[in-house]
Amino acid sequence: GMSKMGKSFFVSQVINAALQGTDLLNLRTYEKVDSVLILTTDAGSDLEYKMRLDALGTDPERVYIRKLDTATSEVPWEDIAGDANTIGFGLVVVDHATALVEGEINYREGWVRLYEHLARFNAPTVLVGHSTDSRQEGKQIKRPAGNAAATQFARARVFLNAPGGLVQSPKRVLEFQANNAEVEPIHCV
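Below, the structure is looked at part by part. (Residues numbered from 1 in each chain as written. Predicted model: local features only at pLDDT ≥ 70, side-chain atom pairs only at ≥ 80, totals over all residues. Heavy atoms only, no water.)

Below, the discussion takes up the sheet that holds strand 8 (residues 172-178). Strand order in the open sheet formed by three strands is 7-8-9, and the pairing between neighbours is antiparallel. Looking at the sheet topology across the chains shown, the edges are occupied by strand 7 (156-161) and strand 9 (186-188). Averaged over all pairs of adjacent strands, the angle between strand axes in this sheet comes to 20°, irrespective of strand direction. Judged from the three bridges that link them, strand 8 and strand 9 form a sheet pairing that is antiparallel. What sits directly across from Arg 172, in strand 9, is Cys 188. (Pairing = 2+ DSSP bridges. Helix = DSSP H or I, 4+ residues; strand = E, 2+ residues; numbered from the N terminus. Axes fitted to C-alpha atoms, helices over the stretch in contact; angles between N-to-C directions.)

In this section: the packing of aromatic side chains. Evaluation of the coordinates by the stated rule reveals one aromatic pair. With a centroid separation of 6.3 Å and an interplanar angle of 85°, the aromatic rings of Trp 77 and Phe 121 are classed as edge-to-face. A residue pair is termed long-range when its members are at least 10 positions apart, and Trp 77 in helix 3 (residues 77-87) and Phe 121 in the loop between helix 4 (108-118) and strand 4 (125-128) qualify at 44 residues. Taken as a pair, Trp 77 and Phe 121 share a single burial class, namely buried. (Phe/Tyr/Trp six-rings, centres within 6.5 Å; stacked < 30°, edge-to-face > 60°. Buried < 20%, exposed > 50% of the residue type's maximum accessible area, 1.4 Å probe, protein only.)

What follows concerns the pairing of strand 3 (residues 91-95). The element strand 3 is extensively covered by neighbouring structure, given that five of its five residues are classed as buried. Of the two faces of strand 3, both are covered, the one formed by Leu 91, Val 93 and Asp 95 as well as the one formed by Val 92 and Val 94. The pairing of strand 1 (residues 36-40) with strand 3 spans five bridges and is classified as parallel. Bridge pairing links Thr 40 to Asp 95 in strand 3. Of the strand pairs in this sheet, strand 3 and strand 4 are connected by four bridges, and their pairing is parallel. Bridging from a neighbouring strand, Val 94 pairs with Leu 127 of strand 4.

Across all of its chains, the model carries three salt bridges by this definition. Taking the shortest distance from any N to any O, the salt bridge between Glu 48 and Arg 52 comes out at 3.5 Å. Of the two residues, Glu 48 and Arg 52 both sit in helix 2 (residues 45-55), four residues apart, roughly one turn of that helix. For Arg 52, a relative accessible area of 28% translates into the label partly exposed. (Salt bridge = Lys/Arg side-chain N within 4 Å of Asp/Glu carboxyl O.)

Along helix 2, the residues that are buried comprise Ser 45, Tyr 49 and Leu 53. All buried residues of helix 2 fall inside an arc of 70° around its axis, so they share one side. In this structure, helix 2 carries Leu 47, Met 51, Asp 54 and Ala 55 as exposed residues pointing more than 90 degrees from its buried face. Where helix 2 terminates, the next one or two residues include Gly 57, which has phi positive at roughly 85°. (Arc of directions from axis to C-beta.)

Moving on to the environment of Lys 32. Among the structural elements, Lys 32 can be located in the loop between helix 1 (7-20) and strand 1. In this structure the C-alpha to C-alpha distance between Lys 32 and Gly 21, which are eleven residues apart in sequence, comes to 4.3 Å. If near-sequence neighbours (up to four positions away) are discounted, Lys 32 is found in contact with Ala 18, Leu 19, Gln 20, Gly 21 and Arg 62. (Contact = heavy atoms within 4.5 Å.)

Interaxial distance between helix 1 and helix 2 falls to 10 Å at its minimum, and their mutual angle equals 50°. Relative to helix 2, helix 1 is oriented oblique. For helix 1 against helix 2, the interelement crossing comes out right-handed. Residues Ser 8, Phe 9, Val 11, Ser 12 and Ile 15 of helix 1 touch helix 2, and the partners they reach there are Tyr 49, Arg 52 and Leu 53. Residue composition of the contact of helix 1 with helix 2, by class: five nonpolar, two polar and one charged. (Parallel < 35°, antiparallel > 145°, perpendicular 65-115°, else oblique. Left-handed = near helix turned anticlockwise from the far one by under 90°. Nonpolar A, V, L, I, M, F, W, Y, C, P; charged D, E, K, R; others polar.)

Remember that the coordinates give geometry; whether it matters functionally is a separate question.
Next comes the structure, spelled out in structure tokens:
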């Protein structure tokens with residue numbers, strides 16, 4: 001989704017549902033998990049996740065949040081995945097995708113490399129990214145930076161938007177694209 005659309009707020013609800021084993025928006029949780037690793041890149045997003053998960057009543061002992069400093073060094077993917085796999089996280093969330101693409105985000109190679117890094121985790125991975133504000137045939141393009149490589153490797157995609165593009169409205173629409181299931185859009189508040 002676009003900036004300020006509520007992506008991290010929604011992902012916090014996904015995390016809580018996975019930890020509790022409860023349904024979310026009438027969608028059945030596939031499997032309850034014992035713990036979640038959240039990797040963040042945006043300044044302050046680690047604190048936002050803590051506040052949102054606390055407000056949902058999520059047990060903080062079951063969530064580990066790691067802020068990745070993408071500006072000063074290369075992300076140590078092998079070490080992070082090794083530690084995560086040793087601990088046995090049931091879900092990994094990576095929020096904000098384009099900050100982790102090596103090189104130019106408009107080229108396929110950087111996205112391929114990011115998906116190779118994510119494949120090291122022995123857990124389902126949720127990759128959060130901003131969609132572009134570009135339009136084609138009057139419709140918003142539903143991929144980061146308009147790049148098809150950003151989404152072509154994902155098994156399922158969820159696009160979060162506001163009806164009429166009104167970010168200040170509390171109403172949201174979740175649209176789903178998946179390799180093995182069709183889900184009707186969900187309208188929610």
